Every structure is written in C-alpha cells, then in structure tokens.
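# A look at the structure
For reference, the chains in residue letters:
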Amino acid sequence: MTAKPKFAMYWAASCGGCEIAVLNIHEKILDVDANFDVVFWPVAVDAKYKDVEAMEDGSILLTLFNGGIRNDENEHLAKLLRRKSQILVAFGSCACEGCIPGLANLSPVGDIVHTAFNTLTTDNPHEIYPRASFDVPEGELHIPRLANVLRPLDLVVDVDYYMPGCPPESHQIAAVVDLVVKVVKGEAELPPKGAVIGVGDSTVCDECPRARNVKSITEFKRIQDVAPVDPNLCLLEQGIPCNGPATRSGCNSRCPNAGTQCIGCYGPAEGVLDYGARLIAAFASVIDAKEPEEIERILDGIPDPVGQVYRFNLAGSLLKASAEAWKAK
Amino acid sequence: MKQYAYYPGCSLESLAKPYQLSAKEVSLALGLDLKEIEDWNCCGATAYFPVDELLAYTLVARNLAIAEKTGLTEFVAPCSACFKNAYYTNNYLKKDPDLADHINFALEEDDLHVEGTLKVRHLIEVMLEDVGLEAIKNQVTHPLAGLKIAPYYGCQLLRPRKDHEDVENPQFFEELLSAIGAEPLKYETKTRCCGASLIITNRKAALEMVRLLLKEAIDRGADVIATTCPMCNVNLEVYQSQVNREFGTDYSIPVMYFTQLMGMALGIAPRRLGIAKESVPKAREAVTA
Amino acid sequence: MAAELSFNQEIANMMYATHGNPISHCLQCGTCSGTCPAADFMDYTPRAIIGMIRENFKDEVLASNTYWSCASCYHCTVRCPAGIDIADMMYALKRYSMWKSRFKEGLIGPDFSEAFVKMIVNSGKSFEPILATTYLPRFSAADMVQEALTATGLVLKGKIPLLPKRIKRLKKFQRMVKRIIPLGELS
Amino acid sequence: MTEKIGVYVCHCGTNIAGTVDVEAVSKWAGEKLAHQGVVVSRDYKFMCSSLGQELIQKDIKEFGLTRVVVGACSPHLHEATFRNACKEGGLNPYLCEMVSVREQVSWVHTDKEAATEKAKALIAGGVARVVHNEALEPLRVPIHADTLVVGGGIAGIQAALEIADAGFHVYLVEREPSIGGHMAQFDKTFPTLDCSACILTPKMVQAGSHPNITLLTWSEVTKVDGYVGNFVVSINKKARYIKTEDCTGCGICWEKCPWKVTDEVFEAGMAKRKAVYVPFPQAVPKYPVIDAVNCAYFLKGTCKACEKFCPTNAIDFEQKDETITVQVGNIILATGYDLFDAKRIPQYGYGRLENVYTNLEFERLCNAAGPTGGSIVLHDGKTAPKTVGIVHCVGSRDQNYNAYCSAICCMQSLKFAHLVHERTGAEVYNFYIDMRTPGKGYEEFYQRLLEEGTHFVRGKVAEVTDFARTPEEEGKLIIQVEDTLIGKQRRIPVDMVVLSAGLQPRHDAKEVGKMFGIACSSDGWYIERHPKLDPVATMTEGVFIAGCVQGPKDIPASVAQGAGAAARVLGKIQQKEIALEPVRASINEAQCSGCRICNGLCPFSAILFHEDKMVSEINPALCQGCGTCVAACPAGAISGTCFSNEQILSQIEGLLLLNLDVKEAAAA
Amino acid sequence: MNDKTFEPTIIGFTCNWCSYRAADTAGTARVKYAPNVRLIRLMCSGRLDPTFVFKAFAGGADGVMVTGCHPGDCHYVEQNYKALRRFILMKRVLVQMGIDPARLKLQWASAAEGVQLAAEINKFVEEVRALGPLHWNLDYQEAVSTPAMEEVTA
Ligand SMILES: Cc1cc2nc3c(=O)[nH]c(=O)nc-3n(C[C@H](O)[C@H](O)[C@H](O)COP(=O)(O)OP(=O)(O)OC[C@H]3O[C@@H](n4cnc5c(N)ncnc54)[C@H](O)[C@@H]3O)c2cc1C
Ligand SMILES: Cc1cc2nc3c(=O)[nH]c(=O)nc-3n(C[C@H](O)[C@H](O)[C@H](O)COP(=O)(O)OP(=O)(O)OC[C@H]3O[C@@H](n4cnc5c(N)ncnc54)[C@H](O)[C@@H]3O)c2cc1C
Ligand code: SF4
Ligand code: SF4
Ligand code: SF4
Ligand code: SF4
Ligand code: SF4
Ligand code: SF4
Ligand code: SF4
Ligand code: SF4
C-alpha cells in the first residue's frame, strides 16, 4: 500500500469548474483516494510549489491540468508538472483549447486589464492598477506577468491526453478514473498518446434525441426570439445556431436535452483541425440563399460569428488570437 | 370593437364630406372603431412628389408617426391616394434605414419618430377582410336589389401592385356589391385612370378620361357608379357637366362612395350618409327605387 | 475630373426610394404607351421618352409635356415587362424639371405642384380655393367660367369650406419641413 | 520517411527552361525535400516523350519509388500520360501528381528568379501533397443495353427510333393514351407548311410497331433507382380498362359511349370526347382508354354501353393499375413543355372575352380533324372573321411571367397569319416586339407574309377589350397598343384575337427531374451539362434530355436533339462499360452523427440518410466528387479521394515552404 | 525583402473545371501576371473548406484567393453558391480576428477568362501589397511573451 501511485491536479487560467467536476464524481472520488496518493491539488490538499519542485522527475503518475496558460506562473507550473509527471492530461476545455478565457484573445491585454480594474462597476477614480512587484516588510512580492494571449496547454508543453468539456461530465471523469485504476492494476492498457479521452466518437447530434430533416435555413435567430421552440425538432432547423453537429459527443447532448442549443464545450470531433472552420462551412452550406444580399441578411442573425463558432476554441484554433490581441505591446 | 388609427385625409373634410359621414356610420354599424389620429397633415396626394421626394415621404411619415404613437397597429385611409402614399412610405421606411434616418431627423422637430411598424390599409380592405362578406351580408336589411352598379376601382387602390394580387381584373368590389344585394356590372374600364389631378393641370386629357369611364358605365346600363376614392368620385361626379359641354354628351349618372351604398343597404338614413347633398339628384331615387 | 453624368444617370439619381429603377432594361415594347390613358395628349409617348433619356436627348425630353401629362395612375408600371416603374420615373422627371426650372411653356402642372406644397407648408392641409387662384388664371375663359360654376355649386352645397383649415402644431411642422428644404424657397 | 518520391522537372524544350532554372529547381528539390522522402530528382528535356516516361519507369524499379511528382505542363494536358507511365512502371497511377510549371509559371512570368522560386514552391507543394495520395482504381460500371425514353413527343419518338434502329431495346413511356405530343395537335408546321399529321404519323406508327420498342402509353415512371449503366425503373401502367390483346381499335365503344367530356388535352378544350376514347384518329397505339374519372359506370355504377357493344369483349372494368420494373443503362427525358396559361394576363381577356383564343386552340381550329373541320370561325361556330389580331410574346419576355423568349412564337404567329389569310381572306394584324426568325427558311417565310399584306404592328399589346369608344369599335374586340414605329397609341378593332402563349416547363418538371436526379434552371427547364458543347447530356451520368424539356425550341431542333441524345446513348452502349474517375466522397459511419447537414447539399442526390441507423451514406456511383459535402461535414466524417484534407493541407504547407528552413529555402 | 518592395505570398484555390482552366488559358495565351500567387486545384469551389483559408493565413500567406465558376455555370450545378456563402461568413470572422477581409478574395472565372483572371490576380497582388505583410505565424510566436504589468497598463 505504500507504493500508491501519485496524483496531482492543477488549476491555471480557468474558472474552477473542473475542480468541482472532479469532486462531483460522487463515490468514485473514494477510488481516487483509495488508489492514488494525492500529492498536489491546491483546491483539495495543502502542498506547496516547492514540494513539487522537490519531487523526482516523473514521480507523479497522473496529473490533470486544467486551465489555459495566461501568465508566467501558469507557464512555470505547466513546465514543472510536465517534468514531474508521467501522464499529463489537458483536463477541461481551457487546457485543451482555451475555452472562455481564450475568448480574451480577441482583445489586447491592456484592454483586459483596464476592463477588469476600471469598468462601470469597478469604481477606480485614481486609476490604480496592480504593479508587477511590490515591497512589503517580508520582502518583494511579485505578481505573475500576463502574457499577451492565452495558450492552450499543448502549445507550451507536451501533452499526453486531452479530456475536453466545460467541465468534463462527471460520468466521463469517472470512466477515465476507472480506466487509469485498471491500468495501474494491469487490467487495461492506456490509449495511444495524444488521444482524446472521456468522449464519444461522433458529435453531439449523435446523442441528441431531436428529430431532424434535410436542413435549409432561411433565418438565424437567438433562441429567446423563437417562440415556441419545438421541443422535439432539431434546433438548428428552427434557425437556432446549434453547435451540436460539430461538437464532440460525450455529454449525452445535455444542452439540447435541456431545451437549449449546444454551444460547443466538448470541442471538435476526431481529426478536425479547426472547430470554427467546420461550423462556418456547415452553417453556410445549409443557408437557403444565392444572392449575396440575402446571404448577408441571413448571416446577420449570427451577430457575433467568432463567439458563435469559437466560443471554446479560439485559443486553440488555427488563427489563435486576433491581430489586436498580440500586436498590442 | 377592433380599433384602427384612422386618417381621413383633407378631402374628407371638404369635397368628400359624404364619404366621411358614410364611412363613419358604416364602420360603426359593422363594429369597426375608427379612431381619427390627432393633428394630422395633408399627405400630399400626387402633388408633392414632383417637388421633392424626401419631403413627400416626410409629410406622409408624420402622419404614420402620429398613428404609431397611439399604440394602434393598423392605419386606415379611405382615400386611395392617401392609402397608396402611406403604404409605400411605410414600406420604404421599413426597407431603407437610411431613408428612415433622414425622415426621423426632420420629425424630431415635431417630437415624433417613425418606425414603419404599422400595417397600412384601405377602408374597403378592412371591410372585406376584417368584417368579411358573410358578416356584411348578414347585416343587410335593405338589399339594393336590382340596382346595377359599375364598380369603379380607380388606380391607387390597386396600383402599384402590393404583392402578387390581380390588379387588372380584381373581383373584390363586385363581391362586396353582390353582398349588399346589388348587381355589379361588367366594367372593362374599372381600373382605368380617372385623370386625377390632370383635371386641373391637363384638363383636356382628364375630361376625355372621365368621359370614357362615364360612357362605358352608361353604355352598360349602370344606375350608379361606385367609387372608393374622393378624387375619383369628384372627377366622375362633379365634372360630368363639363364633359357634357366638351363632348356634346348628356351624361347624368350618380356617383357614390361604396360606403354610401353599404349604408343604404344596412338601413342607415340617407341623410346620415351624406346622400341628400349629392350633386346628381337622381342618386337617391336610384337607390331607394 | 469626374465624367459628366448622362441624363439617364441624372434621372436615376432622382429616384431615391426605388434606387434608380432599371430604365436601361427597357425593351421599347410600348406596353406603357399602349396602356397610358393620357398618351394621346403627350408630345412623346412614355416609351419614346425612355428611349430619349437613354440616348441623352435631354433638351427634347425636358421641353416635352409628356411627364407633366402623367396622371400617376401606375397602370404602365404594373404592366411593364421589364419591371420599370415608369410612373415613378415621370415623377423624377417632374422633380428634375422643377429643380432646373426647365419645362415646357404654358404648363399648369409645375405651378400647381409648387402652390400645393406652399399651401401645405403654410397650413398643413390642402384647401381648394387657394389652389384655384394659382391655376384658374391659366385656363381659357370658357374653362374658367365652367370651373367657377362648378366651384360655386360646390360651395353652395357645403362641400368646399370657406376658410382654410390649419393643423395645430403648425410651427413645429414648419420647422420639420425646414429640415428637409429651406422654407425660403417655398413660402 | 516511409515514402520514396521521385521528382521530375521538365524543360519542355525552352518553354519552361527559358524562364525557370530547371536544373536548379530539380537540384533544390533533391536536397531540400529529401527529408520529406524525395529520393531522386531529375530534370529532362521533354518529360512527355517516350524517353521521359521511361525515365520514370526505370526509377520506379531502381529506387522502388512509391510516389512520383512531375513538374511540367498543366495536368489537363498530360496527367493521363504520366499516370499511365506510372502504371506501366508498376505504380498505381493515382500515386502520381503533376505540378504545372509551364502554364502557371514559365508562360506567365518573366522574372527568371521569381519564376524559379515559384516553381520550387509549387514542387514543394506537390511533394507534400503526393505523400497523402492513395492508390485507387477507377470505378468500372457495365452498361445495360436497354434504354428508357420518357415522353412520346416528336423528340422522344425520334430518340427511340434511332436507338431501336441501331438494334437496341427501348422502353418508350408516355403519360397520355397516345404518343405524338404537341405536334399531333397541329395542322401545318412552319416554315414549309407540311401537314403535321402527314409527317408525324409514319414515325408514330413505326415507333408503335418496332420490334425493339416496348411502347408503354397511359403510363408514368414512379421511381428510379441505381445509376448510369444500371438504372432500375418502376413504371405505373394506369388501368386502361381495355384488354389490349383483344381490342381491334374498331371504334364502336367510343361511338356508343353516351358520356361526353371536354377534351382539355388534345383538343385544348375546344371539343368534346367520350369517356372511352382515343385522343385522335391516328393515335398510336390504336386502342382506347376509359377515363374512369368521367365514365358513367365508374361514377354511377351503370352504363357499360361500351362493354355491351364491343365485338371482341375487350372491355374490362376490373383492370387495375400495374407497376412494372425495368432495367436500363441510360435514360432520355423528352417530356416537352406546357403552354403558358393566358388567363394569367387578365388584360388580354382570355377566358373573359369570347373570340380570344390561345395558339393551341387556334391550331385545333385550323386542323381539318379539329372541332370545326378546319374552318376558321368565330365562337358562334359559323361566322368567318374579317379581321384577326395575333399577339406575340404572351407571357414570354416579360419579367412578370416568363423572362425568356419562347423561341417559336414568332414563327408560329406568322404561320397563323398565313393560314388566316389563305383560308378566310381576313385582314391580319400581328403584334410583335421583335421579329425573331433565325432558322433556315424562316426569314423567307416572313418575307412571304409581308408580301401577303399582313399588318405588322411593332408593339406589345397593352390590352384587349370589348368596350367600344366609337361606333366603328362596336361589337368588336379592340386591341390597344402603341405602334412604336409611329409613336402613337392605336386601337385596332378585330373579330378574333389569337394569343401566342409561350412555352413553359411542364408543371411537374421539378418533381420529375428530381426523380431522375437532374435539376431545373431558375426558369424551370432542365439544365444541360454544357449549354453549347453538351446540350443533351445532364450532370447525372446516363441521363439525357431532348426536345423542349431543355428549353423552348421548334420541331427541327427537337428532332436534332432526339437524334443527338440517341447517339450519345448508343456510344455508351457500344463501350459496354464506363470507367468513372475514382474522385469520390465517402462517409465514416462511426463518426457520422446523423446531423443531416450534408443531406441536401449534393446536386446528384448521392447522399442518402438511413433513418434506422441515423447515419448518412454516399452512393459512390452517383457522387461526382465535387467535395462540397466533405467541406461541409461538421463532424469531419466525410472524406474525399484525390482531394482529401490531408492532401490539401499538406500542399498548403508545401506551397508556403513551411516544413523547411524558410531562410535557407529563400537563399537556395 | 527589406529594401525591395514587399512581395506578398498568396495562396489561390481554383476549381478544376473553370478557373484552373482559366489559368491554363492564360498560360497558353502567354498572358503575364504577378508571380505571387500559388494555386491549388480543387474539383469545385464547393470543396473550399474554411480550414484551408485559415491554414493558409496561419501558415504565412498574406492573401487568399478563391476562384470558381460563375454563378449558374457550376460544373456541379450550384456548389459555387456554397462557396459564396462560406466566403461571406469567413469574411465576417476575419474582420473580428483583425484580418483585413480584403485579404480574402472571391473571383468567378470561366475557362475562357484567362486574361480576366490574370488581371484580377494582378489587382489582388497590388491590393495585398498595399495592405502590407500579414505574417500571422511569426507574430504569434512573439506574442506569447509576457509583458510586465506596467507595460500593459501604461
Ligand atoms: C401553338 C404551337 C404551334 C407550333 N407550331 C410549330 C411549327 O409549326 N413548327 C415547329 O417546328 N414547331 C412548332 N411548335 C413547337 C413544337 O410544338 C415543339 O418544338 C415540339 O412539339 C417539341 O416536341 P417535344 O417532343 O420536345 O415535346 P412535346 O410535344 O411536348 O412532347 C412531350 C411528350 O411527353 C409526354 N409527357 C410529358 N410528361 C411526361 C411524363 N412525366 N411521363 C411520360 N410522358 C410525359 C407528353 O404527354 C408528350 O406526349 C409549335 C408550338 C406551339 C405551342
Ligand atoms: C463572328 C462570329 C461569332 C460567333 N459567335 C458565336 C457564339 O458566341 N456562340 C455560338 O454559339 N455561336 C457563335 N457563332 C456561330 C458558330 O461559329 C457556328 O455555330 C459553329 O462554328 C459551327 O460549327 P461547324 O462545325 O458547323 O462549322 P465550322 O466552324 O465552319 O467548321 C467547319 C470545318 O470544316 C473544314 N472544311 C471546310 N470544307 C472542307 C472540306 N471540303 N474538306 C475538309 N474540311 C473542310 C473547315 O476548315 C472547318 O474547320 C459565331 C459565328 C461568327 C461568324
Ligand atoms: S444540431 Fe443541435 S439540436 Fe440539432 S440534432 Fe444536432 S445537437 Fe441536436
Ligand atoms: S413597358 Fe417597360 S419595357 Fe416596355 S417600353 Fe415601356 S418601359 Fe420599356
Ligand atoms: S402612370 Fe403616367 S405614364 Fe403611366 S400609364 Fe399612368 S398616366 Fe401614363
Ligand atoms: S374496346 Fe372494343 S369497341 Fe372499343 S375499340 Fe376496342 S374492340 Fe372496338
Ligand atoms: S361505361 Fe359507359 S360511360 Fe363508361 S366508357 Fe363505357 S360507354 Fe362510356
Ligand atoms: S454532415 Fe457529416 S455528420 Fe452530418 S450527417 Fe452528413 S456525414 Fe453525418
Ligand atoms: S462530393 Fe459532391 S457529388 Fe459527391 S456526394 Fe459529396 S456533394 Fe455529392
Ligand atoms: S463548377 Fe464548381 S467545379 Fe466548376 S469549375 Fe466551378 S466551382 Fe468549379
């Protein structure tokens, strides 16, 4: 029992939902405890960075890394945990492809800071901003330096597996935990490196129970502008831009089941290079119009195309970030 | 009672008072509540467009804006020219945000703003579609049996075409006349122009146009010509004597608004329909005969 | 230097709401002129006018009575196989001729239109007796007598009010008009 | 590197070498692209020569090449050549990739340095791409020798006869009781004024009795499965209620039948026929049909007069519709046209004013076998008209109706003018917009009409009315028009008006086309493969069109197209099988989510959806390989051979010189 | 590249039936045009996957040109309309990403229009030249550098 394999989890630029999702796997969490020695998991156990630094390289069997790389602290930890871990999993949409924090890649970092510290709701009359370093009696404090853009984990370090979702579904986490436990016990083999785990092999429509027909769209509408929404018919056919067709299955089509469109948190399907490009092609293909003016009119129904097709993937897309974001110095 | 933003137009206050009277009486009887909009202005008929297009639309738009403010959703005009102007102004406004911006800039001076959200309709449309032929038929107490009527549609009630409807040989006026018990006649020239304001600006042309309309109605044995527009009514009625003088004819045929005829059939007193004041005295006899 | 606009383009520019109306598509089929109830009273038929506009016969077009003889009945418009709104184009010609003050001598239309607009700017509503003073003097003596008789008859029957009506918010109304055309030019 | 790639850069004499430093390019490729698998890179004077081709073959053997890139002219010129060379050398032909350094580089650029750099980039693109090429086999499809012809008008008859005469079997399917189509309704045909029946009947009879033609009248195709070479077609033979084996066509039944109905099809509503009828005396086949919708027996349960009188007991009220299935290799659609409905133009008075006729009605009026025995008379059945107005372009060249020119109306109107003149001596007015007489002998016909004294008024008729303005107009129909040559509005009183209604697509053309996998243009006519160079083929392999289905045309052109389509079919039959390029898309069933995005995108209906499995599938024989669905599939479930994502994405990298040291590449 | 004028790199996508043949036609007729465009042959403009366009930009292209048959002339009936629709949506995305949409051009060209295609290529090269280098991939590498907070808030 002494040689329980070591487990770590870390939280970079993300919302924290992934951590909660792991805690939310109910009794399976006991398996984690039973089978692993949790050495580092800031949200759950008290361990310091220096403890990790002190570990031998490759001594952690499994690290679930959630969050994108937005600042030098994130980057440092990513590299550190890579060194110390045998299996590094990009866990959750942020680590896999940037997720919502990645949407900040549309704005220059300066704007982001300004917005955070000086908005209508943040009263900052003296324009006080955090400083990179600050002297306190205990010494000099440094706050992490923000990068111009956010990067998914695999643009910074080598990643062994990807597990998308915002957050990943509990049943999928449980399944992966099961698998690793089996592997540890020698009852199963690991999937090939680079694989996406805890997902289905098709897209959300595959699991979606809604009826569907040949598609022909004459209007895109926001869901709140559709009344009534047909509960049994494909949302896309009702003009609601549903990302289900392009989004990796595995969530049991949670959103369409709940009556709302898929927004794409499970990322692209197997082998797809650019998620947004797939949706652009798919949506545009089924528009029922031939005249440019008419096409433009229909597309006006998607007022924020990047937000629509790259909500979870901007940082991991081919273009990665807007020109303004990284050209800003 | 369904309410409508009612725009009578200038002529209904003067030359076409009988139309005003009868329109109100009949609407009331049929359960239509025509709410006259406050402080409306002249829509310009056909005379603004030759001067300034934008001004013409703005003048019409002011009335639409006032109507929009009432919260009612439908704008009803009894005059075909007013109807056409309002219909198209409303349409263009909706389609062309740039035009709407220009107009709204001017309307600011009168604290008004127009969106183009109204449904613009002609009074006869409202009667046919919202009341319906069946309901009208049911209310008829004095069917105009045996009265031969030439249904004169005129121009701007139909044209330019609004959608895909038949603008060459429409039937709705005939159906309405049949519903009140009258006999609508075949009237080939029913959609031909009455000359409109040419009666002033090109008298010869207009009198010839009026003559042809009168001739066909009389040739086909009409007792009365029915109209849907004050301009048509005036040209056909008031200028009969001038036609006679110009062409040596002796035409004398009553010309009545469809609302007057409907009113008669609904048993409303002729006086309340403005019939006593008809220029052609035979009107009343023809109807009551 | 920008090339000078053709007459065709100038007229297209005068058609704001219909975005210029494709008069270049005209087949010269004559449906419009065959339809027109006023064609017999026109110097050139509507079709001929379109042909002349396209070929830049500006002086001849402006000097004709054709467009001022159009009753705006839109019958040609709904029949044109090329989708041309001829009636709207006639309006554009009227506007152009008013703008440039170039129209055939002796026409009543231009004065009538101007008077009408002035009247509305002054009162917000139209009033026949005021209007009549602008056109009656142009009538032949016999026509004038006829018209006067007709008018008196109407007044006696109470159809023509003796005093002009005015809208209530006239001042605001006039300021509104002013935002589009300077009032000085009209009243 | 698993692949061994050979690169060959052609000089094309000086065509390429004059502008591109061919040696340098070849040397560069051998060095800089070695890490991508290039094992040999050569330049040669004329790669397409036999020596050049042998060079490749030798290298395939010597170096064990698994891929070949040829930098030369356009693939449209020599792709087949080099694929073939590879095949001869033992390499699958689809593992060869061509790069156009002549049409796209040397011939269009002048700066030698820039041209050489571009050539390198293109070669790099080709190499990056060829790595992902797959070994493929062309799709070979056998051609069934039978042919289906749909529509027995003149075009369909001609096509059927050509094929049958060549010794192959044809199924000729006609919806009406007899073949003949519109031509059978005419009296005379322009411009030669041959009697229509005289020239058509022999062909109809021939088609009806040809040993190689199975004539299926009163029948319609209901379903088409399969693809070129092997279509499986279901045909519904509507119940005729006549035992055709027993019927002799004696005509007693329709003589005795008491039940009369207006014949809206053949007689264009101008005459009545019986409930049991043949549409016209020369009908092929000769036996009648019972029109159950109008038959007294079917309506009321009594009558059976026909049955009583039939000498051969050929009447069978128990007959049912029957579906037969046939297998054919090719299909010709020749379903013709419908006439424009003149009622849609109310101002022309058709249907409202007596003595306003359509052109088809007028054909019947002229026809010796028609309702008036060929005399041109007014509605009253006796009075000959003194003046006749013929209105061209009714519903044609008009954006409110059909924007196109119907092609035959001018000539047909001239024909009518002549017939009126010849038979009644009446004054004839033709109202036209433009006189279009572009066929052989057509202009001469027009000249003849001019000599006959026909009035030609240039102007599109505004309206036809019976409201008389003047005493001269009383009792007449008045045609109001601008005489545009004079510039005056005219009102011309006539006794009879003939409206030359235009041709328009069959009302059901769209649905019928869909069944056969072909599409209609915005006008509604079937789209040909190429408007000039392939007017009888369609985008669907094995489906051809002929006659007015393709667009308005006259009889000579319909016949020519019928024969042309037949020739195309015969060519296919003779080849016995066809090889289709293996450029095809396919769906990975496991990855397909059944979202149905792709379902409506294929113009050839190659994509089907399995409701049971909720996945889509592509029929490789129908797919033409355009790749649209590949690009559209949001799940990335569709891949395309020859133009796969990997191929194109790698080519992009190659063209941008990405997987090289960029500076080094530029310096080389 | 420093002292010479900027030479943009442009990736072009052509359909097999019309525009690729137009390029052939231009070649056969020896029509000269700028050497900046490198063409990729697709069967149809309907094959155009937005991935290709983004890949090209991300990979260093300064402009992307998509060509296909004229509307109504598509060899595959109407697939070029699908290209048109994708093109319009792609442009909207490019705008949001800060890439001048003028860097993406859609050009219809029939097989006969070699001269026109050459002229359009020249025009496009000049337009992209005027826009300057895009250098998406290179700039991204620099962009991940972590500036100090002071730089950010300055
Ligand atoms: C009034 C008039 C006069 C004309 N005069 C002349 C002239 O003098 N000279 C001249 O050269 N041209 C003339 N034409 C043109 C001529 O009619 C056409 O060129 C010719 O008839 C075209 O032949 P088609 O076989 O293509 O079509 P059609 O004659 O229309 O034949 C099509 C056949 O297909 C059948 N069919 C339709 N749909 C189906 C289906 N789904 N399944 C099975 N069968 C179907 C129809 O019943 C019909 O038998 C005239 C046209 C008109 C309107
Ligand atoms: C200026 C012009 C522009 C045109 N534009 C168009 C257009 O845009 N679209 C369109 O559809 N049509 C157009 N056409 C019509 C088009 O040219 C013809 O329809 C088409 O070329 C006819 O082809 P053909 O094969 O019948 O004849 P041709 O093209 O004349 O070919 C006949 C061939 O036979 C050869 N030949 C002649 N006599 C003999 C002999 N005794 N022995 C051996 N060989 C012989 C000739 O050298 C020639 O190569 C145009 C015509 C002209 C004049
Ligand atoms: S598009 Fe959305 S709603 Fe439609 S089937 Fe797919 S997941 Fe369900
Ligand atoms: S009707 Fe139309 S196409 Fe014909 S002449 Fe008049 S404007 Fe031209
Ligand atoms: S709108 Fe004018 S031009 Fe046209 S038909 Fe009427 S009067 Fe004639
Ligand atoms: S069914 Fe009988 S009666 Fe009729 S044609 Fe045939 S054989 Fe003659
Ligand atoms: S049953 Fe009577 S009505 Fe029917 S076809 Fe026979 S004879 Fe005619
Ligand atoms: S688009 Fe792709 S996932 Fe959707 S049905 Fe077609 S093949 Fe399947
Ligand atoms: S590649 Fe083109 S032809 Fe083939 S199935 Fe897809 S859309 Fe149809
Ligand atoms: S038809 Fe389609 S394939 Fe052709 S060339 Fe055009 S866009 Fe391409």
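Remember, it's a predicted structure, so these values are computed and weren't measured experimentally.

With that settled, consider the interface of chain B and chain C. Taken together, the contact pairs 72 residues of chain B with 60 residues of chain C. Interface of chain B and chain C: buried area, both sides summed, is about 6,200 Å²; carbon and sulfur atoms make up 59% of it. The residue Arg169 of chain C makes a salt bridge to Glu38 of chain B at a minimum N-O spacing of 3.1 Å. Applying the counting rule to chain B against chain C returns 19 residue pairs in polar contact (both at pLDDT 80 or more). Within the residue set of the side of chain B that touches chain C, elements represented by two or more residues are α1 (17-30), α2 (53-69), α3 (80-95), α4 (97-107), α8 (198-201), α9 (203-219), α10 (230-238) and α11 (240-247) of chain B. Broken down by element, the side of chain B that touches chain C gets its largest block of residues, eight residues, from α2 of chain B.

Quick look at the site of ligand 4 now. Residue and element names in this part refer to chain C. In the vicinity of ligand 4 lie 14 residues, with Cys26, Cys29, Gly30, Cys32 and Cys80 positioned nearest. Mapped by element, the contributors of at least two residues to the shell around ligand 4 are α2 (31-35) and α3 (46-54). Its residues assigned to classes, the shell around ligand 4 shows ten nonpolar, three polar and one charged.

We now examine the arrangement of the chains. Among the six pairs of chains that make contact, the interface with the largest number of contacts is formed by chains B and C. In this view chain A stays clear of chain C, with the nearest C-alpha atoms of the two still 15 Å from each other. At the C-alpha level, the nearest point of chain C lies 21 Å from chain E, with no contact between them.

What follows concerns the state of the cysteines. Residue and element names in this part refer to chain E. Evaluation of the coordinates by the stated rule reveals two disulfides over all chains. The disulfide bridge from Cys18 ends at Cys69, spanning 2.4 Å between sulfur atoms. On the sign convention where negative is left-handed, the bridge of Cys18 and Cys69, at about 95° about the S-S bond, is right-handed. Of this pair, Cys18 sits in the loop between β1 (10-15) and α1 (19-28) while Cys69 sits in the loop between β3 (63-68) and α3 (79-97); the two residues are 51 residues apart in sequence, bridging distant segments of the chain. In this structure, Cys18 and Cys69 share a single accessibility class: buried.

We now examine the environment of Ile20 of chain A. Here Ile20 of chain A lies in helix α1 (residues 17-23). Taking the C-alpha atoms as reference points, Ile20 of chain A and Ser170 of chain A, 150 residues apart in sequence, are found 9.7 Å from one another.

Moving on, we get to the interface of chain A and chain E. Taken together, the contact pairs 52 residues of chain A with 38 residues of chain E. Approximately 4,200 Å² of surface area, both sides summed, lies buried where chain A meets chain E, with 67% of it carried by carbon and sulfur atoms. Where chain A touches chain E, the interface holds four salt bridges. Between Glu296 of chain A and Arg92 of chain E there is a salt bridge whose closest N-O contact spans 2.7 Å.

Glancing now at the domain arrangement of chain B. All names here are of chain B. Parsing chain B into structural domains produces domain 1 (2-123) and domain 2 (143-288). For domain 1 versus domain 2, the distance between C-alpha centres works out to 24 Å. Carbon and sulfur atoms supply 72% of the area that domain 1 and domain 2 bury against each other, a total of about 2,000 Å² over both sides. A salt bridge links Glu25 to Arg272; its shortest N-O distance comes to 2.7 Å. Linking domain 1 with domain 2 are six residue pairs in polar contact (both at pLDDT 80 or more). In terms of residues, the side of domain 1 that touches domain 2 owes the most to one element, α1, which gives nine residues. Residue composition of the side of domain 1 that touches domain 2, by class: 17 nonpolar, five polar and two charged.

Conventions adopted
Residues numbered from 1 in each chain as written. Chains lettered and ligands numbered in written order. Predicted model: local features only at pLDDT ≥ 70, side-chain atom pairs only at ≥ 80, totals over all residues. Heavy atoms only, no water. Contact = heavy atoms within 4.5 Å. Buried area = accessible area lost by both parts, 1.4 Å probe. Salt bridge = Lys/Arg side-chain N within 4 Å of Asp/Glu carboxyl O. Polar contact = N/O pair within 3.5 Å; in protein donor to acceptor, adjacent residues only side chain to side chain. Helix = DSSP H or I, 4+ residues; strand = E, 2+ residues; numbered from the N terminus. Near = heavy atom within 4 Å. Nonpolar A, V, L, I, M, F, W, Y, C, P; charged D, E, K, R; others polar. Disulfide = S-S within 2.5 Å. Buried < 20%, exposed > 50% of the residue type's maximum accessible area, 1.4 Å probe, protein only. Domains from an automatic or database assignment.

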